[in-house]
Each structure stands twice: as C-alpha cells, then as structure tokens.
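Next come the chains, spelled out residue by residue.
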Amino acid sequence: MLRVPRKFDLVVGRGEGTTPLNAFDAALLDAGIGNLNLVRVSSILPPGAQLSPGLQIAPGTPTPTAYGYITSSTPGQIIAASIGVGISSQDTYGVIMEFEGFCTKEEAETRVRQMVEEGFQMRNLSLKEVLVQGIDHKVEKIGSVFAAVIMDY
Amino acid sequence: MLRVPRKFDLVVGRGEGTTPLNAFDAALLDAGIGNLNLVRVSSILPPGAQLSPGLQIAPGTPTPTAYGYITSSTPGQIIAASIGVGISSQDTYGVIMEFEGFCTKEEAETRVRQMVEEGFQMRNLSLKEVLVQGIDHKVEKIGSVFAAVIMDY
Amino acid sequence: MLRVPRKFDLVVGRGEGTTPLNAFDAALLDAGIGNLNLVRVSSILPPGAQLSPGLQIAPGTPTPTAYGYITSSTPGQIIAASIGVGISSQDTYGVIMEFEGFCTKEEAETRVRQMVEEGFQMRNLSLKEVLVQGIDHKVEKIGSVFAAVIMDY
C-alpha cells in the first residue's frame, strides 16, 4: 500500500491573478504551499498523525492534500474557504471536511465545524476537538481562496 | 515509478447528509471505504491485478480509486452511479469506466458496460468479461451515490 | 514523503467517443498515455527534472500528471487545450500551467505561455524558457482535447 501520512498541517491562502488558475496559484503561494504537487485526497486524518505547524516539504513533492477552494471573477464578491479536522477522543483516525462558498470567514468556519461534527456522528465516534481554519477575500478582479490539510511523512 | 496496484475491488454506496460533502461521505461509508484517503485515478486495471472482495485497507491510507458519483439536493430525484471493469482475454491491462446520472441502477449498469466495451474497441483488445456494479437512490433531502474500483498492493 | 519525480514529458491528444468519458479516453490514447492511471497534480516541475520525450511507463502505473482538458458535445465547436512548462534560469523548480477553452491551438498556446510567465512573476523567479504544447479539435459528435505533463522516476 501507499504509506500512511504521519504529519499534517492546516493552511489557508487567498490571491488574485489574471486567470482563475493564476488566482488559484496565488492563493496556494499565500498559503505557503505553492511549490508542491498537490494530490487531492478525500479526506481522513490518519491515526496518530501529528499536527506539525510550518511543515517543510521539498518543492515538487507529490503531497496528499484535502482542500476546498473557490475562484470568482465578480469584483466585490466575498468568497471564503475553510478546512476542519476532527480529532477523535478514541485512539483512531479523524475526519477532515472542506467548505467553500460566498460568505465570510466566520460563516465558513462555522459551517465546516458542523460538517466535521456530522462526520463524527455518522461514524459513532466521539470528538475530542475540531481544528478549524478559514479565510475570506473580497474579489478585486479574479480572486481565489484556498483552505487545506497537507500531509507528510 | 509509483508501484502498480496488484489487487482491486468494486464497491458502491449511497447516503444522505445535511451538506453535499456529508452526503458524499455517507455514500463512502455505505460503500465500506469511508475511512480512506481516496486518490482519484483515471482509470486502468493493472495487468494481473486480482479481484479481492472485501479488501481491507488501513484507515487513512492514500488509495488509488477510479470512481463515479453524483450528489443531488432535489428531494424525490433518482440518482445512480456505476462502475465497470473490463477484463482482457489477452494477458494485459483492463479498462475501467465510471458513470453517474439521473436514472436507475439498471440503466447505469447498462451504460457503463457499453462504455467499457467502447474502451476495448478503441484499443483493439478483446474482452473476456465485464464486472459491473451500480447503485441508485431516491433523494430524501441531500443524497449521493458512489461507485468505485479501489486498488491496493 | 512521496518521491519527487525526476523525468517529465509533454503530451497532447484529441478524440471522439459516444460519451464524454469515452471521448476523454480517446484523447488520452491519442496522447499516448491512455493505459496509465493518471493522478492529477497541481502543478510544479520538480527541481532538476529532465525532459524525456517518449517516456515509457508500464500500463496501470499511478502517474503524477498536470493536465488540462475540455469535452464538448456540440458538433462543429472548436475546442483546445494546452500545457506550458516554465523552466527557471536559477537551479530550482519550474511552474506548470494548463489551459482549456473554445479557441484554436495557437490561442491556447499563447494563453498558457502568459499564465506560466505570470506564475514566474508571482514567485520572483527568472524564466529561462517555456515549453508549450497545444491541440485543437473540431467536434464531430462528442469530442475531447487533452494536454499534459506526465512525470516519472
């Protein structure tokens, strides 16, 4: 099997570009992970994975990442993304949820927390804590917001 | 290179949630793979890969997965997903196809089988058999269906 | 961590099918990579990666791939995809951009080159050269175009 990641970090970013993909790229750079090859995963925190703030990963590394994002080309629009990581009080895996929408950071964070809680209820797991990070952005021309859990070994 | 998977299984699931992502999560749990980190791939059965029903994979493992899914928030709507795996009569790789749409399980299974047959014709490969699984669901509030081939080592 | 790819190649393809997924599959076959398990990544050229035209990868191999594609079922419509790889004049990583749209190959190549240049400007990196490949297609029934960087070890 592919190895199970042992470390994780939550990151968020926002940016503007002259195309949607450049705006997304700017948001990744703002989040500090613009030089990785993100491999999108859905979206479980491996058992025993350790929160590792400021995780350093070599450029170009294929990196398992759970993320939400939204890009808009409507000036003035408020866009938001958030990421939530539910940590179990049992010694097992956690659940990661992503949210993106047209709202504030606070609303995005509230929503993703509820999504994590629902993920735990569905699994009959008890929740020790929920780590949440969100971000919002008022679009200037073409803007993007991004919220992720990146995983490493 | 990344290693070539040696085992595979077909799974299907359906579920309801209070958000589209939670409904998708419920469908993954119903399919028995809600605790993995699915890495979406397009979509070849490796040569010699063995069908391994009930494949057990550790929680949080990044898992190559070919899948189709659809989520709807229209109560009463019928949604369906299906997965088809064409096995070659030659000793080579197979072709995986995914389908999702607004139809019954039976229609979804018929459609994905035709897609696999077309994939074999395009490659001038002869088809020994097609493994198919489908699922449908009548949406209550926010529903999702999911059909996949998961791969392991 | 997952290993950092050491080789790459640019490929493009186009095709027709009786469903969007079969058309996409035809485009992958035309590009010479229809028998791999593409793992989509966003989208950095690893430091020191070597251009390896005609890269041979075993069927079914999970293969990190940055790609753009578009599928249309409007007969007569012109669709295009392109891929651009910016190589740094410093000894560091590069930036990959993807484009897809309703235009000619030439327009798609011009656009993706500009996107790569913007990616370098955002990083304050100097650009040695940009490798670009594009493709277009006039849709017959259901058509697809695809442009990618595939990565190997």
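Residues numbered from 1 in each chain as written. Chains lettered and ligands numbered in written order. Predicted model: local features only at pLDDT ≥ 70, side-chain atom pairs only at ≥ 80, totals over all residues. Heavy atoms only, no water.

So, the overall build of chain A: which residues are in play, and what are the values?
The number of helices and strands found in chain A is 2 helices and 9 strands. In chain A, the succession of helices and strands from N to C terminus is β-α-β-β-β-β-β-β-α-β-β. For 153 residues, the compact-globule estimate of 2.2 N^0.38 gives 15 Å, and the C-alpha radius of gyration of chain A, at 15 Å, lies within 12% of that figure. With the principal axes as the frame, chain A shows a C-alpha extent of 45 × 35 × 25 Å. (Helix = DSSP H or I, 4+ residues; strand = E, 2+ residues; numbered from the N terminus. Rg over C-alpha atoms; globule rule 2.2 N^0.38 Å.)

Residue-level account of the packing of helix α1 (residues 20-31) of chain A against helix α2 (residues 105-123) of chain C, with values.
It is the contact of α1 of chain A with α2 of chain C, at a shortest axis distance of 10 Å, that shows an interaxial angle of 20°. Our classification of the angle between α1 of chain A and α2 of chain C gives roughly parallel. Between α1 of chain A and α2 of chain C the crossing geometry is right-handed. When α1 of chain A is examined against α2 of chain C, the residues Leu21, Asn22, Asp25, Ala26 and Leu29 of chain A are found in contact with a partner set consisting of Met115, Glu118, Gly119, Met122 and Arg123 of chain C. Class assignment of the residues belonging to the contact of α1 of chain A with α2 of chain C gives a composition of 5 nonpolar, 2 polar and 3 charged. (Axes fitted to C-alpha atoms, helices over the stretch in contact; angles between N-to-C directions. Parallel < 35°, antiparallel > 145°, perpendicular 65-115°, else oblique. Left-handed = near helix turned anticlockwise from the far one by under 90°. Contact = heavy atoms within 4.5 Å. Nonpolar A, V, L, I, M, F, W, Y, C, P; charged D, E, K, R; others polar.)

I'd like a description of the sheet that holds strand β6 (residues 78-88) of chain A, backed by residues and values.
Residues and elements named next belong to chain A. With antiparallel pairing, the 4 strands of this open sheet are ordered in space as β3-β7-β6-β8. Strands with a single pairing partner mark the edges of an open sheet, and in this sheet they are β3 (44-45) and β8 (127-138). Sheet analysis places β3 next to strand β7 (residues 94-101), joined by 2 bridges and oriented antiparallel. Counted as the bridge partner of Leu45 is Gly94 from β7. Along the sheet, helix α2 (residues 105-123) makes contact with β3, β6, β7 and β8, crossing β7 at roughly 145°. (Pairing = 2+ DSSP bridges.)

Summarise the interface of chain B and chain A; cite the residues concerned and give the values.
Taken together, the contacts link 25 residues of chain B with 23 residues of chain A. Each partner contributes to the roughly 2,000 Å² buried at the junction of chain B and chain A, and carbon and sulfur atoms together form 60% of this total. Of all residues in chain B, Leu21, Asn37 and Pro62 of chain B give up the largest surface area on contact with chain A, accounting jointly for 25% of the area buried on that side. For the pair chain B and chain A, the number of links is 1 salt bridge. For the salt bridge of Asp25 of chain B with Arg123 of chain A, the shortest nitrogen-to-oxygen distance reads 2.7 Å. Where chain B packs against chain A, one counts 8 residue pairs in polar contact (both at pLDDT 80 or more). At the level of elements, α1 (20-31), β2 (37-42) and β5 (62-72) of chain B are the ones that each hand at least two residues to the side of chain B that touches chain A. In the side of chain B that touches chain A, the residues fall into 12 nonpolar, 9 polar and 4 charged. Pairing of strand β2 (residues 37-42) of chain A with β2 of chain B, which is carried by 2 bridges, proceeds in the antiparallel orientation. What sits directly across from Ser42 of chain A, in β2 of chain B, is Leu38 of chain B. (Buried area = accessible area lost by both parts, 1.4 Å probe. Salt bridge = Lys/Arg side-chain N within 4 Å of Asp/Glu carboxyl O. Polar contact = N/O pair within 3.5 Å; in protein donor to acceptor, adjacent residues only side chain to side chain.)

How would you sum up the pairing of strand β7 (residues 94-101) of chain B? Please name residues and give values.
Residue and element names in this part refer to chain B. Summarising burial for β7: 7 of the 8 residues are buried, a large majority. Taken together, the 7 bridges between strand β6 (residues 78-88) and β7 define a ladder with antiparallel strand orientation. Within β7, the position partnered with Ala81 by the bridge is Glu100. A loop of 5 residues connects β6 with β7, the two strands running antiparallel in sequence. (Buried < 20%, exposed > 50% of the residue type's maximum accessible area, 1.4 Å probe, protein only.)

Provide a residue-level description of the relation of the copies chain B and chain C, including the pertinent values.
Expressed as a screw operation, the relation of chain B to chain C combines 0.0 Å of axial shift with a rotation of 120°, fitting to an RMSD of 0.0 Å. The relationship between the two copies is best expressed as a three-fold rotation axis. Distance from the rotation axis, computed per C-alpha, reaches its smallest value in chain B at Val39 of chain B: 4.2 Å. Interface overlap between copies: only 13% of the residues of chain B at the interface are likewise at the interface in chain C, consistent with a contact formed by different surfaces. (Least-squares fit on C-alpha atoms with pLDDT ≥ 70 in both.)

Which residues make up the interface of chain B and chain C, and what values go with them?
How big an interface is tends to be stated in terms of the accessible area lost upon association of its parts. Contact residues are listed per partner, giving 23 residues for chain B and 25 residues for chain C. Buried area between chain B and chain C, both sides added, is near 2,000 Å², and the carbon and sulfur share of it is 60%. On inspection of chain B and its partner chain C, the count reaches 1 salt bridge. For the pair chain B and chain C, the interface holds 8 residue pairs in polar contact (both at pLDDT 80 or more). Of all the elements in the fold, those that place two or more residues in the side of chain B that touches chain C are β2, β7 and α2 (105-123) of chain B. The greatest single-element share of the side of chain B that touches chain C, amounting to 5 residues, is contributed by α2 of chain B. When grouped by side-chain class, the residues that make up the side of chain B that touches chain C number 15 nonpolar, 3 polar and 5 charged.

How would you explain α2 of chain B if you had to name every residue and give the values?
Between its terminal C-alpha atoms α2 of chain B stretches 27 Å, which fits the 27 Å expected from 19 residues at 1.5 Å a residue. Those residues of α2 of chain B not exposed but buried are Ala108, Glu109, Val112, Met115, Val116, Glu118, Gly119, Phe120 and Arg123 of chain B. Structurally, α2 of chain B contributes buried residues whose contacts are with β3 (44-45), β6, β7 and β8 (127-138) of chain B together with α1 (20-30) of chain C. (Expected span 1.5 Å × (residues − 1).)

How would you explain the environment of Lys138 of chain B if you had to name every residue and give the values?
Residues and elements named next belong to chain B. Inspection of the secondary structure puts Lys138 in strand β8. Along the primary structure Lys138 and Gly15 are separated by 123 residues, whereas in three dimensions their C-alpha atoms are 9.9 Å apart. Dropping the residues within four chain positions of it, Lys138 is found in contact with Glu16, Gly76, Gln77 and Ile78.

Which residues make up the relation of the copies chain B and chain A, and what are the values?
Rotating chain B by 120° about the axis while translating it 0.0 Å along that axis superimposes it on chain A, leaving an RMSD of 0.0 Å. Mapped onto chain A, only 12% of the interface residues of chain B are again interface residues, and the two copies thus contact each other with different surfaces.

Explain the packing of aromatic side chains residue by residue, including any values.
One pass over the full model with this rule turns up 15 aromatic pairs over all chains. For the ring pair Tyr67 of chain B and Phe146 of chain B, a centre distance of 5.3 Å and an interplane angle of 40° mean the geometry is tilted. Here the residue Tyr67 of chain B occupies a position in strand β5, and Phe146 of chain B occupies one in strand β9 (residues 143-152), the gap between them amounting to 79 residues. Of the two residues examined, Tyr67 of chain B and Phe146 of chain B, each falls in the buried class. By the ring-pair criterion, three or more aromatic residues cluster together here, those being Phe24, Tyr67, Tyr69 and Phe146 of chain A. The residue whose ring lies beneath Arg40 of chain C is Tyr67 of chain C, and the NZ or CZ to ring-centre distance is 4.2 Å. (Phe/Tyr/Trp six-rings, centres within 6.5 Å; stacked < 30°, edge-to-face > 60°. Lys NZ or Arg CZ within 6 Å of the ring centre and 35° of its normal.)

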